[in-house]
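If you want the building blocks of each chain, they are given just below.
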Amino acid sequence: MDINNNKELINKELIGKEFKCLDHGFVRLVDYMGDDAAIVQAARVSYGKGTKSVSEDTTLIRYLMRNQHTSPFEMVELKFHIRLPIFVARQWIRHRTANVNEYSGRYSEMSDEFYLPEISQIRSQSLVNKQARSEMEIGTETSQNIISSMENSQKESYNEYQDYLENGLAREVARINLPVSNYTEWYWKIDLHNLFRFLKLRMDHHAQYEIQVYANTIADILKDILPISYQAFSDYIQNSVTFSHSELSLLKTKFANLEFDEVELKNSGLSKSEIVEFKNKIELLK
Ligand SMILES: Cc1cc2nc3c(=O)[nH]c(=O)nc-3n(C[C@H](O)[C@H](O)[C@H](O)COP(=O)(O)OP(=O)(O)OC[C@H]3O[C@@H](n4cnc5c(N)ncnc54)[C@H](O)[C@@H]3O)c2cc1C
């Protein structure tokens, strides 16, 4: 028995399908190479043993993730077609470890589609996080006025763009006044290790809502293709926390007498090696 998923079914349901993001965007998985089994296969190459039982393979993947043995995860590659507003693309492109080919506004006319936030996203500036919006919505009437005003200026700007083109202006110059809400498209290829890093940063609540929408959509695709690796990422990277030395020192003052009995540990869902690692961490708190 191995951990190969039902690839045929996954391919039929996922490859080529557009998963809608925001008002006019999407994520489409074009192709991928490798799955959970490919990670195990790469990790075991030094022993020449190939895959073992599902539980042993799962344990291995979780061990690799937990201990940041990242190179086996680089064996899996995924290629996406993404349609996204330019302001989201600007944040996305900062992840340099991918291969990108973007739609060219020099060769072709820019799309006439622009992102308009939903009313629930028209919020006031956060006072806690200087980069973010708060939870507070700005009254319905004001929000609707803001959305209408954004829509009008998008239309105006696109009409001007069309006028420039009709007057013979080069596409590469005509596009320069279009707003960053304009949609662009690209092909984006990345290995799984770097994709997890992208997801860690862009699914996080500190990331801008609009890029979170895309990151969450990609995560949903990964859950189907790489269920074991995704679960390990979720447990050990996405939903874990690290403490600084000073924070640990503070914790030590509170946890000097921290004890767990063996039954409690056995029923915790942690594997045997995780229990050993956990005990070692608890010792550090003392
Ligand atoms: C919430 C949030 C807010 C942000 N705010 C800002 C902002 O205000 N202004 C701004 O400019 N950016 C901002 N960024 C972008 C951020 O600084 C990073 O550029 C982005 O998250 C990509 O991270 P990365 O470099 O680790 O990723 P990648 O480019 O994918 O790189 C992954 C890792 O590979 C290595 N690497 C890749 N390329 C190189 C290289 N050329 N040299 C050496 N090592 C390399 C590094 O170890 C790097 O961590 C923000 C990001 C987030 C998530």
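Residues numbered from 1 in each chain as written. Predicted model: local features only at pLDDT ≥ 70, side-chain atom pairs only at ≥ 80, totals over all residues. Heavy atoms only, no water.

Caption draft 1: Structural context of a negative patch on the surface. Residues E156, E160, D163 and E166 make up a contiguous surface patch of negative charge. Since its relative accessible area comes to 41%, D163 is described here as partly exposed. (Patch = residues over 30% accessible without salt bridge, like charges linked within 9 Å, V, L, I, M, F, W, Y side chains within 5 Å. Areas by Shrake-Rupley, 256 points an atom, 1.4 Å probe, with all protein chains shown as cover. Salt bridge = Lys/Arg side-chain N within 4 Å of Asp/Glu carboxyl O. Lys, Arg positive; Asp, Glu negative; His and termini not counted. Charge placed at Lys NZ, Arg CZ, Asp CG, Glu CD. Buried < 20%, exposed > 50% of the residue type's maximum accessible area, 1.4 Å probe, protein only.)

Caption draft 2: Geometry of a nonpolar patch on the surface. Together, L169, V173 and I176 line one region of the surface with nonpolar side chains, adding up to about 250 Å² of accessible area. The exposure class of I176 is exposed, given its relative accessible area of 61%.

Caption draft 3: Quick peek at the domain arrangement of the protein chain. Partitioning the protein chain into structural domains gives domain 1 (7-115 + 181-238), domain 2 (120-179) and domain 3 (245-284). Spacing between the C-alpha centres of domain 2 and domain 3 amounts to 51 Å. (Domains from an automatic or database assignment.)

Caption draft 4: Quick peek at the pattern of salt bridges. Applying the stated rule across the entire model yields eleven salt bridges. With a shortest N-O distance of 3.2 Å, K189 and E77 are connected by a salt bridge. Of this pair, K189 sits in strand β7 (residues 183-191) while E77 sits in strand β3 (residues 77-85); the two residues are 112 residues apart in sequence, bridging distant segments of the chain. When its relative accessible area of 30% is taken as the criterion, K189 is described as partly exposed. Judged by its relative accessible area of 22%, E77 falls in the partly exposed class. Between K279 and E262 there is a salt bridge whose closest N-O contact spans 2.9 Å. (Helix = DSSP H or I, 4+ residues; strand = E, 2+ residues; numbered from the N terminus.)

Caption draft 5: Structural view of the site of the ligand. Lining the immediate environment of the ligand, one finds R94, H95, R96, T97, Q131, R197, L201, R202 and H206. In this structure, an oxygen atom belonging to the ligand sits 2.6 Å away from a side-chain N or O atom of R94. In this structure, an oxygen atom belonging to the ligand sits 2.7 Å away from a side-chain N or O atom of R197. Of the residues in the shell around the ligand, the class split is one nonpolar, four polar and four charged. (Near = heavy atom within 4 Å. Polar contact = N/O pair within 3.5 Å; in protein donor to acceptor, adjacent residues only side chain to side chain. Nonpolar A, V, L, I, M, F, W, Y, C, P; charged D, E, K, R; others polar.)

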